[in-house]
Amino acid sequence: MIEINNVSKWYGDFRVLTECTTRVAAGEVVVVCGPSGSGKSTLIKCVNALEPFNEGSITVDGTSVGARGTSLPKLRARVGMVFQHFELFPHMSITDNLAIAQIKVLGRGRDEARQKGLALLDRVGLKAHADKFPGQLSGGQQQRVAIARALAMDPICMLFDEPTSALDPEMINEVLDVMVELAQEGMTMMCVTHEMGFARKVASRVIFMDHGHIVEDDDKDAFFGNPRSERARQFLDKILQH
Amino acid sequence: MGDFDFSVIAENWAFLAEGLRYTVQVTLVAMIGGIVLGTALALMRLSSNPLLQRFAAAYINIFRSVPLVQVILAFYLILPLVLRLVTGQMIPVGADTSAYLTFMVFEAAYYAEIMRSGIQSVPRGQVGAGYALGFTYAQSMRYVVLPQAFRNMLPVLLTQTIVLFQDVSLVYAIGATDFFGAADKITQRDLRPVEMYTTVAVVYFLICFALSRLVKRLQTRIAIIR
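Residues numbered from 1 in each chain as written. Chains lettered and ligands numbered in written order. Predicted model: local features only at pLDDT ≥ 70, side-chain atom pairs only at ≥ 80, totals over all residues.

Per an unreviewed UniProt entry, chain B is named Glutamate/aspartate import permease protein GltK, and its organism is Denitromonas iodatirespirans. Taken verbatim from the UniProt record of chain B, the Function (unreviewed entry) comment is "Part of the ABC transporter complex GltIJKL involved in glutamate and aspartate uptake. Probably responsible for the translocation of the substrate across the membrane." Under the UniProt heading Subunit (unreviewed entry), the note attached to chain B is "The complex is composed of two ATP-binding proteins (GltL), two transmembrane proteins (GltJ and GltK) and a solute-binding protein (GltI)." (UniProt positions renumbered as here; feature names shortened; annotations may be inferred.)

As recorded in an unreviewed UniProt entry, chain A goes by Amino acid ABC transporter ATP-binding protein and comes from Denitromonas iodatirespirans. Taken from UniProt, the Sequence similarities (unreviewed entry) comment for chain A reads in full: "Belongs to the ABC transporter superfamily." Its UniProt record gives chain A the following Subcellular location (unreviewed entry) comment, quoted word for word: "Cell membrane".

So this is what it looks like as structure tokens:
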């Protein structure tokens, strides 16, 4: 589904990604972790071209992301993305947040888009909040709406960029629950997250990044059982201490 | 002030009101046209195309560096020449008509800077979210960025419009009959400067003061909850 081959990226002289290669097969859930500044968010943003890259290639469902003729809006409409800071549109009601891209990008009718949005809102347990504005919801609720908004586009895969790192601790689980459910339904997912509990539960593979390199790329059991690199072991020791 | 003659005001009220109507019309046309043109300029100035960027920057800098009264005069004198060049005929353009265009073009430079900071006030992640949903540049501007920029900047846009409303009085330099111009003409004829100029000043004050109070109240009501 997603194939990343030898991708490198520079900010001026600073190299943020160094020859990253990995793939996410259909139905797989791949968790990307690593210390901050390791390039994991940059890598996931390269997948739907929110960040350009300088070398290598990325293909999503056979479409080359970096190629000249690729229509990025068309590609992105098929790839759902959830952000650290939710990024709901604050000037629109929840219903409109869910409907606008369905109407303007996919050309769905207003009623159809609304129905679809409400059904997904119900699925993430927030139907009662349909007429509110994003600012009236808690962080966890906003993030669940953001997931519903991405799902409303019927994506072929989903990208999560630290979906729980901006949340208060008591709200993390409500978001993870939605993600777990999604994973169990067979959605192809690439998730940048430090939630190792989530990784243990649903990940097929875990990627560990450091300084722009993919250091580990293993089956979940292999990763948690015996990370090969010293750096990954240190990282896991630190975040799993408590 | 003992001989302040209210009857002069009463007698000429219809003429003054006509002038006020013209002032309001120019203000509204220049506001709407100026905001549309200014938004386009702001988008150009923020675009990645260096040609558009430089054009917009030059436009904004030129109009913000020249006194308005000179621009009014220049447009009044040059517009007929330009029209003759384009159409090959002599088309007379009255002072009243040329003022509409002048103010629209001039105010656009100021509205552009307001809209630019409005656009920049929208977090970058919002644009990313729009793109991630499949929006094109135009769509993410239209549905995500500009509505928020406009709302964030509405008080400033309206305050600029209040300034514009007062500045329309400068058209008296080309003999157009706006509110101030009307009072000026009556003064010339009836030689009652105290009555006329005081009345105009009071009316300007009342309108502008009321409007800025309104803007202040609006400011608290339309803020987007984040």
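A. Layout of the overall build of chain A. Each helix and strand in chain A was counted, giving 9 helices and 10 strands. Here chain A has a C-alpha radius of gyration of 18 Å; the compact-globule value for 242 residues is 18 Å, and the two agree. A principal-axis box enclosing the C-alpha atoms of chain A has dimensions of 55 × 50 × 30 Å. Burial statistics for chain A: of 242 residues in total, 46% are counted as buried. Sequence separation of at least 24 residues holds for 63% of the intrachain contacts in chain A that already meet a minimum separation of 6. (Helix = DSSP H or I, 4+ residues; strand = E, 2+ residues; numbered from the N terminus. Rg over C-alpha atoms; globule rule 2.2 N^0.38 Å. Buried ≥ 20, exposed ≤ 12 C-beta atoms within 10 Å, placed from the backbone. Contact = placed C-beta atoms within 7 Å.)

B. Local environment of the UniProt feature "domain: ABC transmembrane type-1" (unreviewed entry) in chain B. Look at the UniProt record and you will see "domain: ABC transmembrane type-1" (unreviewed entry) annotated at residues 20-215 of chain B. As a span, residues 20-215 of chain B carries 84% helix and 0% strand, and end to end its C-alpha atoms are 21 Å apart.

C. Layout of the sheet that holds strand 3 (residues 29-33) of chain A. Residues and elements named next belong to chain A. Strand order in this open sheet of 6 strands is 6-7-8-3-9-10, and the pairing throughout is mixed. What marks the edges here is a single partner per strand, and that holds for strand 6 (79-82) and strand 10 (213-219). Going from strand to strand, the sheet's axes swing by 15° on average, the running direction of each strand aside. Two elements, strand 9 (residues 205-210) and strand 10, share 6 bridges in a ladder whose sense is antiparallel. (Pairing = 2+ DSSP bridges. Axes fitted to C-alpha atoms, helices over the stretch in contact; angles between N-to-C directions.)

D. View of the domain arrangement of chain A. Residues and elements named next belong to chain A. In terms of domain boundaries, chain A breaks down into domain 1 (1-78 + 158-242) and domain 2 (88-155). The centre of domain 1, based on its C-alpha atoms, is set 25 Å off from the matching centre of domain 2. Each partner contributes to the interface: domain 1 provides 11 residues, whereas domain 2 provides 12 residues. Across the side of domain 1 that touches domain 2, the residue classes break down as 8 nonpolar, no polar and 3 charged. (Domains from an automatic or database assignment. Nonpolar A, V, L, I, M, F, W, Y, C, P; charged D, E, K, R; others polar.)

E. The sheet that holds strand 1 (residues 2-11) of chain A, seen in detail. All names here are of chain A. Across the sheet, 4 strands lie side by side as 2-1-4-5; this open sheet has antiparallel pairing. Strand pairing shows two members of the sheet lacking a second neighbour, strand 2 (14-24) and strand 5 (63-64), which therefore form its edges. Across 7 bridges, strand 1 lies against strand 2 in antiparallel orientation. Pairing of K9 across the sheet is with L17, part of strand 2.

F. How the structure looks around the UniProt feature "domain: ABC transporter" (unreviewed entry) in chain A. Here, UniProt's "domain: ABC transporter" (unreviewed entry) annotation points to residues 2-236 of chain A. Each end of residues 2-236 of chain A is marked by a C-alpha atom, and these two atoms are 26 Å apart; helix forms 37% of the span and strand 26%.

G. Spatial organisation of unusual backbone geometry. With a phi angle near 40°, A:E19 is a residue other than glycine that sits in the positive phi range. Structurally, the position occupied by A:E19 is in strand 2. Judged by the 14 C-beta atoms lying within 10 Å of it, A:E19 is partly exposed. Positive phi, close to 55°, is recorded for B:L191, a residue that is not glycine. Assignment of secondary structure puts B:L191 in the loop between helix 8 (179-190) and helix 9 (193-222).

H. How the structure looks around the confidence of the model for chain A. Mean pLDDT for chain A: 91, with 99% of residues reaching 70 or above. Mean pLDDT values for the elements of chain A range from 81 in helix 9 (residues 230-239) of chain A up to 96 in strand 6 of chain A. (pLDDT = per-residue confidence, 0-100.)

I. Inspection of the interface of chain B and chain A at higher detail. If you look at the interface, chain B gives 19 residues, while chain A gives 21 residues. For the side of chain B that touches chain A, the elements supplying multiple residues, two or more each, are helix 6 (124-132) and helix 7 (137-167) of chain B. Along the lines of polarity and charge, the residues of the side of chain B that touches chain A split into 10 nonpolar, 7 polar and 2 charged.

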